[in-house]
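Listed below are the residues making up each chain.
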Amino acid sequence: EYYRSKADYQPFFANGYEIIPLEFGANVLIYYPVKGPTRDIDYIFLGSHNWDEYVRYFPTIFQDYVGFIAGSGWSHAEWVGKHLHRYLYARSKIGLNIHGTEHKRQPSELTERTYILAASGVPQVVDNPKLLWRRFSPDSLFCGETPEQYVSLFRHAIANPAEAVQRALLAQ
């Protein structure tokens with residue numbers, strides 16, 4: 001949908017070329033629910049390089065809750081090997097997920113994290129990228145369009161773990 005809607009790509013189509021996009025996804029051989037660990041951290045965020053959005057959405061959560069953050073660019077949070085991700089996700093009550101500005105303007109893509117959190121069985125609070133409801137059902141994720149809604153839904157998910165788990169199962 002995205003490539004067809006962008007003027008920059010029209011010359012390729014006009015000259016008979018096809019553009020075959022490969023959307024992000026999750027390798028279910030790596031990302032799957034792990035039974036056993038207690039969900040003892042409020043949130044997890046494994047991501048990088050979307051600082052403007054992170055500054056808008058995350059401060060209240062980072063100040064008021066206990067979580068785990070890793071990714072390139074975060075001070076004191078070097079990247080964690082993929083072989084450990086599923087175990088970290090298994091300890092998390094909520095997965096935080098933010099998209100870039102372009103994702104909110106046009107139905108371009110979802111972050112890889114959207115699919116990884118779903119495959120791992122982690123309830124997620126996400127912003128509102130245009131493609132989201134074309135790939136997931138509205139009752140499978142907590143979706144906040146503004147930073148205030150995002151924090152409110154995070155608090156709701158923490159306070160209602162049964163609902164959070166149900167949504168995670170639907171996303172999965």
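Engineer: Outline the pairing of strand S1 (residues 41-46), supporting the account with residue identities and numerical values.
Structural biologist: Among the 6 residues of S1, 6 are classified as buried, and the element is accordingly described as predominantly covered. Examined bridge by bridge, S1 and strand S3 (residues 92-97) share 3 bridges and lie parallel to one another. Bridging from a neighbouring strand, Tyr 43 pairs with Ile 94 of S3. Here 4 bridges tie S1 to strand S2 (residues 67-70), and the two strands are oriented parallel to one another. If you follow Tyr 43 over to S2, its bridge partner there is Gly 67.

Engineer: Go over the packing of aromatic side chains with me, naming the residues and quoting the values.
Structural biologist: Under the definition given, this model contains 14 aromatic pairs. An angle of 20° between the planes, with centres 5.4 Å apart, marks the rings of Tyr 43 and Phe 62 as stacked. Of the two residues, Tyr 43 is situated in strand S1 and Phe 62 in helix H4 (residues 59-64); the sequence distance between them amounts to 19 residues. Residue classification places Tyr 43 among the buried positions, given a relative accessible area of 3%. Among the residues examined, Phe 62 registers a relative accessible area of 25% and is labelled partly exposed. An angle of 80° between the planes, with centres 5.1 Å apart, marks the rings of Tyr 57 and Tyr 150 as edge-to-face.

Engineer: With reference to specific residues and values, describe the layout of surface pockets.
Structural biologist: Taken as a whole, the largest pocket holds about 380 Å³ of empty space. Of all the secondary-structure elements, those providing two or more residues to the lining of the largest pocket are helix H5 (82-90) and helix H7 (112-120). For the lining of the largest pocket, the class distribution of residues is 9 nonpolar, 10 polar and 4 charged.

Engineer: With reference to specific residues and values, describe the nonpolar core.
Structural biologist: In this structure, Phe 58, Ile 61, Ile 94, Leu 96, Tyr 150 and Phe 154 are the most contacted members of the largest nonpolar core, which totals 17 residues. Of all the elements in the fold, those that place two or more residues in this core are S1, helix H3 (51-57), S3 and helix H9 (147-159). In terms of residues, this core owes the most to one element, H9, which gives 4 residues. Counting residues in hydrophobic clusters, the runner-up holds 11 residues, among them Val 80, Tyr 89, Ile 116 and Ala 119.

Procedures and definitions
- Residues numbered from 1 in each chain as written.
- Predicted model: local features only at pLDDT ≥ 70, side-chain atom pairs only at ≥ 80, totals over all residues.
- Heavy atoms only, no water.
- Buried < 20%, exposed > 50% of the residue type's maximum accessible area, 1.4 Å probe, protein only.
- Helix = DSSP H or I, 4+ residues; strand = E, 2+ residues; numbered from the N terminus.
- Pairing = 2+ DSSP bridges.
- Phe/Tyr/Trp six-rings, centres within 6.5 Å; stacked < 30°, edge-to-face > 60°.
- 1 Å grid on protein atoms, 1.4 Å probe; cavity = no way out; pocket = protein on both sides within 12 Å on 5 of 7 lines; lining within 4 Å.
- Points joined across faces, edges and corners; volume = space filled by probe spheres on them.
- Nonpolar A, V, L, I, M, F, W, Y, C, P; charged D, E, K, R; others polar.
- Core = buried A, V, L, I, M, F, W, Y, C linked by side-chain atoms within 4.5 Å.

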